[in-house]
Amino acid sequence: MTKIDHTRALKIALCAILYLLAFGIMIASQNGALEGYGDGTVLAAVLTAAVTIVVITFLWIKALGIVGPQEEPVSQSTQKSRNVLLFAAIIGGVIGFGFALSGDLRDGGAALFSNNPIAPIAAIAFGALFVLASIWSSIRWHRAADEHERAAANSGAYAGMLAYVVLTPLWWLGARASLVPPQDPMIVFAIVLAVYAAVWTYQRGD
Amino acid sequence: MKNRLKVLRAERDWSQAELAVHLDVSRQAVNAIETGKHDPSLPLAFKLARLFDLSIEEIFDDQN
């Protein structure tokens, strides 16, 4: 029977909640912009949320051991898997930054976190880059990572899938009954990703 | 699954990270195996056995 580290589980769950909260603030800020709140207020909220997301991402990456003290020796497979994750993070940052800049700056410069129209060329370019980079890095990472790391990621993927299977029809039913707002695919995506990352990080261990 | 990995590692004065390099896995993987949270695959179990010059049964105990 696996012993559960409650403190560690709590920290990771807290990270996931803060992540979703920051993501929620980004979307709320976008809605605020649409409803005519001042540009300065919206921009401040977007920037605060963006900084929060960056800080939490860094803490998460640190928990995964991708960055930090490098005194201890690292195996070739670990180094390779870290390099792939770093590459994926850089590509993600490039897409996110470029996407944010491609939107209408009156929206607070956060096209990534809204459903507002964007230029078709931006959608095609960032979509293609995202698909190619995510598929390539996923395959490379699965080949590079050791069996324990892969098992942890697979547990996270299963939990994420479970979150998707439960959340999507539940939200759809709620929306049809006018109990909740219409489903937003990016919020579902963020929740699934947060569950995936939290379970993966926890299963990976210290 | 119980195992003697921690003792065997200590006998050679290796850290978890050093053993991880020998096995080409992460330090977290070594920690997970030592604490019984992860049961290694057969290839990794054989790798461990060869590294310590023991049989798999001498390292792992599936009776508990």
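Because the structure is a prediction, the values reported are computed rather than measured.

A. Structural context of the overall build of chain B. From N to C terminus, chain B includes 5 helices and 2 strands. Reading chain B from its N end, one meets helices and strands in the order β-α-α-α-α-α-β. Counting over 64 residues, chain B shows a buried share of 41%. Pairs at least 24 residues apart make up 54% of the contacts formed inside chain B by residues separated by at least 6 positions. As displayed, chain B has an accessible area near 3600 Å², and 48% of this comes from carbon and sulfur atoms.

B. Quick look at the overall build of chain A. Assigned secondary structure in chain A consists of 6 helices and 0 strands. Written out in order from the N terminus, the α and β elements of chain A read α-α-α-α-α-α. Relative to its full complement of 206 residues, chain A shows a buried share of 35%. Of the contacts made within chain A by residues no fewer than 6 positions apart, 70% connect residues no fewer than 24 positions apart. Of the accessible surface of chain A, which amounts to about 12400 Å², a share of 72% is contributed by carbon and sulfur atoms.

C. Up close: the nonpolar core. Residues and elements named next belong to chain B. If you look at the biggest cluster of nonpolar residues, it comprises 16 residues, and the most contacted ones within it are Leu 5, Leu 23, Val 25, Leu 48, Phe 52 and Ile 59. Listed by contribution, the elements that provide at least two residues to this core are α1 (5–11), α2 (16–23), α3 (27–34) and α4 (42–52). Per-element tally for this core: the top contributor is α4, with 5 residues. Apart from the residues lying within four places of it in its own chain, the contact partners of Leu 48 are Leu 5, Leu 23, Ile 59 and Phe 60.

D. Spatial organisation of the pattern of salt bridges. Within this structure, the stated rule accounts for 4 salt bridges over all chains. Here Glu72(A) makes a salt bridge to Arg27(B), at a shortest N to O gap of 3.3 Å. Here Glu72(A) is found in the loop between α2 (39–64) and α3 (76–102), whereas its partner Arg27(B) is found in helix α3 on a different chain. For Glu72(A), a relative accessible area of 33% corresponds to the partly exposed category. Given a relative accessible area of 22%, Arg27(B) falls into the partly exposed group. Here Glu34(B) makes a salt bridge to Arg9(B), at a shortest N to O gap of 2.4 Å. Of this pair, Glu34(B) sits in helix α3 while Arg9(B) sits in helix α1; the two residues are 25 residues apart in sequence, bridging distant segments of the chain.

E. Structural view of unusual backbone geometry. Residue and element names in this part refer to chain B. Of note in the backbone geometry, Asp 13 takes a positive phi value of approximately 60° without being a glycine. Locating Asp 13 in the fold gives a position in the loop between α1 and α2. The backbone phi angle of Asp 24 is positive, close to 55°, even though this residue is not glycine. Take Asp 24: it is sitting in the loop between α2 and α3. For Asp 24, a relative accessible area of 31% translates into the label partly exposed.

F. Expanded view of α2(B). All names here are of chain B. Listing the buried residues of α2 in full gives Gln 16, Ala 17, Leu 19, Ala 20 and Leu 23. Projected onto a plane normal to the axis of α2, the buried residues spread over an arc of 160° and lie on a single side. Immediately beyond the C-terminal end of α2, within one or two residues, lies Asp 24, with a positive phi of roughly 55°.

G. The arrangement of the interface of chain B and chain A in detail. Residue-level contacts link 18 residues of chain B with 15 residues of chain A. When chain B packs against chain A, close to 1300 Å² is buried across both sides, 53% of that on carbon and sulfur atoms. For the pair chain B and chain A, the number of links is 9 residue pairs in polar contact (both at pLDDT 80 or more). Broken down by secondary-structure element, the contributors of at least two residues to the side of chain B that touches chain A are α2 and α3 of chain B. For the side of chain B that touches chain A, the element with the highest residue contribution is α3(B), accounting for 5 residues. For the side of chain B that touches chain A, the per-class residue count stands at 8 nonpolar, 5 polar and 5 charged.

H. Spatial organisation of the UniProt feature "transmembrane region" (unreviewed entry) in chain A. Residue and element names in this part refer to chain A. Under the feature "transmembrane region" (unreviewed entry), the UniProt entry names residues 12–30, 42–63, 84–101, 121–139, 151–173 and 185–202. Structurally, residues 121–139 is divided into 100% helix and 0% strand, and its ends, taken at the C-alpha atoms, are 27 Å apart. Taken end to end, residues 151–173 has its terminal C-alpha atoms 33 Å apart, with 100% of it in helix and 0% in strand.

About the thresholds
Residues numbered from 1 in each chain as written. Chains lettered and ligands numbered in written order. Predicted model: local features only at pLDDT ≥ 70, side-chain atom pairs only at ≥ 80, totals over all residues. Heavy atoms only, no water. Helix = DSSP H or I, 4+ residues; strand = E, 2+ residues; numbered from the N terminus. Buried < 20%, exposed > 50% of the residue type's maximum accessible area, 1.4 Å probe, protein only. Contact = heavy atoms within 4.5 Å. Areas by Shrake-Rupley, 256 points an atom, 1.4 Å probe, with all protein chains shown as cover. Core = buried A, V, L, I, M, F, W, Y, C linked by side-chain atoms within 4.5 Å. Salt bridge = Lys/Arg side-chain N within 4 Å of Asp/Glu carboxyl O. Arc of directions from axis to C-beta. Buried area = accessible area lost by both parts, 1.4 Å probe. Polar contact = N/O pair within 3.5 Å; in protein donor to acceptor, adjacent residues only side chain to side chain. Nonpolar A, V, L, I, M, F, W, Y, C, P; charged D, E, K, R; others polar. UniProt positions renumbered as here; feature names shortened; annotations may be inferred.

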